[in-house]
Amino acid sequence: MTNDFEVEFIEPGERSARFLVRGVSPAVANGIRRAMVADVPTFSIDTVRFVENSSVMFDEMIGLRLGLVPLSTPIGDFEEGDVVTLALDVEGPATAYSGDLESADAMVQPADENIPIIELKDGQHLEFEADAVLDSGKSHAKHQGGVSVGYRHLQRVEVAGDAGEFEEQEPNILRGVIEEAAAEHADADADATDGDLVATDAFDNDLTNRYPGKEVEVHDVPDAFVFHVETDGSFSVEELVLRAAETLGDRAAELESKVAI
Amino acid sequence: MMIPVRCFTCGNVIGEHWDEFKRRAREGDEDPGKVLDELGVERHCCRRMMVSHKDLVDVVAPYQ
């Protein structure tokens, strides 16, 4: 298979994005999705050494919360299994936030700074040292870089005829992204042209809002998928997708070299 | 006890928005739905984490 994919961003964003990929088979689309969830490594706190914890939570509960805090993971500078040390020292009365974590490596920082770890009362003290490990989502869900990654077929809406003149029209709900194929009937959008990509949110997910009084047919466009990708903040969506495609390529190359003897 | 760091269902980070949500919708009198929209907490799995949360640190603190 040597054909190129055609990628087009519909909703670009740092942490959440939607993009269309054409010329990709369902198997490859799912392979990329799974690679985004399970194969792209991110940093996450794995071991905590408590110096003092007189808060109302047990050490284990705080350890669990720390593991879920996303840490920025720069591209290419680390290998799986690498360790970065972080430390925190907060005395009550105060709330310990993820932003209070101090990292030994400036490139690995908490992606969100306002996540409350634990509220400390008067005289309570939390101090620890923690090791963040670079690992993939396969070993633990806290290492997943992609959050709610999914895809749908691109859909093509064609006008098949008029709806009955005196009939009460029922809502025709559709979610995802449509490829415009009947621009002359799209009443709501005056400058619609055939081939436009329209997110269904634009017409409240109801086709009768866009094509009032028309009978419509919806078809899946073959080999065209709309991906919706969100990241936990460890890296941007673009980086996540590129790294996922890379791991997929690496695995294919590994298989090729192992089979060829 | 404390707001969970992530949504139980989808894994989105929600702890980040708790302080602002608490200040505006719990202690303030803004509409919780509108505050969540503005914070970008869109899915109903993440929204229920915020709406149904109760801080219990103050309740258990005396029994330390």
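Note that this is a predicted model, so its numbers are computed, not measured. Within each chain, residue numbers correspond to sequence positions counted from 1 in written order. Chain letters start at A and ligand numbers start at 1, both assigned in the order the entries are written. The predicted origin of the model limits local features to residues at a pLDDT of at least 70 and limits the giving and counting of side-chain atom pairs to 80 or more, whereas totals for whole chains, interfaces and linings rest on all residues. Here the side-chain values reflect all heavy atoms present in the structure, with hydrogen atoms and water set aside.

Topic: the overall build of chain A
Counting from the N terminus, the helices are the DSSP runs of H or I reaching at least four residues and the strands are the DSSP runs of E reaching at least two. Secondary structure assignment for chain A yields four helices and twelve strands. Scaling as 2.2 N^0.38, a compact globule of 261 residues should have a C-alpha radius of gyration of about 18 Å, whereas chain A reaches 24 Å, well beyond that. We call a residue buried when its accessible area falls under 20% of the maximum for its residue type, exposed when it is over 50%, and partly exposed in between, using a 1.4 Å probe and counting protein chains only. In chain A, buried positions account for 44% of the 261 residues. When checking whether two residues touch, look at their non-hydrogen atoms; a contact exists if any pair is within 4.5 Å. In chain A, 74% of the contacts between residues at least 6 apart in sequence involve partners at least 24 apart. Calculation of accessible area relied on Shrake-Rupley with a 1.4 Å probe; when residues are assessed, cover is drawn exclusively from the protein chains displayed. Split by element, the accessible area of chain A, about 13400 Å² in all, is 47% carbon and sulfur. Counted charges follow a simple rule, with Lys and Arg positive, Asp and Glu negative, and His plus the chain ends left uncounted. Every charge is mapped onto a representative atom, which is NZ of Lys, CZ of Arg, CG of Asp or CD of Glu. Distance from the positive charge centre (18 side chains) to the negative charge centre (56 side chains) of chain A: 5 Å. Note on method: radius of gyration uses C-alpha positions; expected globular size equals 2.2 Å times residues raised to 0.38.

Quick notes on the sheet that holds strand β10 (residues 177–180) of chain A
Residues and elements named next belong to chain A. A pair of strands counts as paired when DSSP detects no fewer than two bridges linking them. Ordered in space as β1-β2-β12-β9-β10-β11, the six strands form an open sheet in which the pairing is mixed. At either end of the open sheet lies a strand with only one pairing partner, and these are β1 (6–11) and β11 (197–199). With strand direction ignored, the average angle separating the axes of adjacent strands in the sheet is 35°. Taken together, the seven bridges between strand β2 (residues 16–22) and strand β12 (residues 214–231) define a ladder with antiparallel strand orientation. Each residue of the ladder has a partner; that of V21, found in β12, is F225. The axes are straight lines fitted to the C-alpha atoms, using for helices just the contacting stretch, and the angles between their N-to-C directions are given from 0 to 180°.

Some details on the packing of helix α2 (residues 32–39) of chain B against helix α3 (residues 44–51) of chain B
Helix-helix packing is characterised by the crossing angle of the two axes and by the distance between the axes. Residues and elements named next belong to chain B. Across the interface, α2 lies against α3 with an axial gap of 11 Å and an inter-helix angle of 125°. Taken together, the axes of α2 and α3 are oblique relative to one another. In this structure, α2 meets α3 at a crossing whose hand is right-handed. Side by side, α2 and α3 meet where G33, L36 and D37 of the first sit next to R47, M50 and V51 of the second. A class-by-class count of the residues in the contact of α2 with α3 yields three nonpolar, one polar and two charged. An angle below 35 degrees is treated as roughly parallel, one above 145 as roughly antiparallel, one from 65 to 115 as roughly perpendicular, and anything else as oblique. What makes a crossing left-handed is the near helix being turned counterclockwise from the far one by less than a right angle; a clockwise turn instead makes it right-handed. Charged means Asp, Glu, Lys or Arg here, nonpolar means Ala, Val, Leu, Ile, Met, Phe, Trp, Tyr, Cys or Pro, and polar covers whatever is left, Gly included.

Concerning the interface of chain B and chain A
With 20 residues of chain B at the interface, the matching set in chain A holds 24 residues. One speaks of a salt bridge when a side-chain nitrogen belonging to Lys or Arg is within 4 Å of a carboxyl oxygen belonging to Asp or Glu. Seen at the junction of chain B and chain A, the total is three salt bridges. When the shortest N-O distance is used, the salt bridge between R6 of chain B and D232 of chain A registers 3.2 Å. Polar contacts, as counted here, are pairs of nitrogen or oxygen atoms within 3.5 Å of one another; within protein the pair requires one atom able to donate a hydrogen and one able to accept it, and residues that are adjacent in sequence qualify only if both atoms are side-chain atoms. Viewed at the interface, chain A and chain B are joined by nine residue pairs in polar contact (both at pLDDT 80 or more). Of all elements in the fold, only α1 (18–27) and α4 (57–60) of chain B reach the threshold of two or more residues within the side of chain B that touches chain A. Looking at the side of chain B that touches chain A element by element, the count peaks at three residues for α4 of chain B. For the side of chain B that touches chain A, the per-class residue count stands at eleven nonpolar, four polar and five charged.

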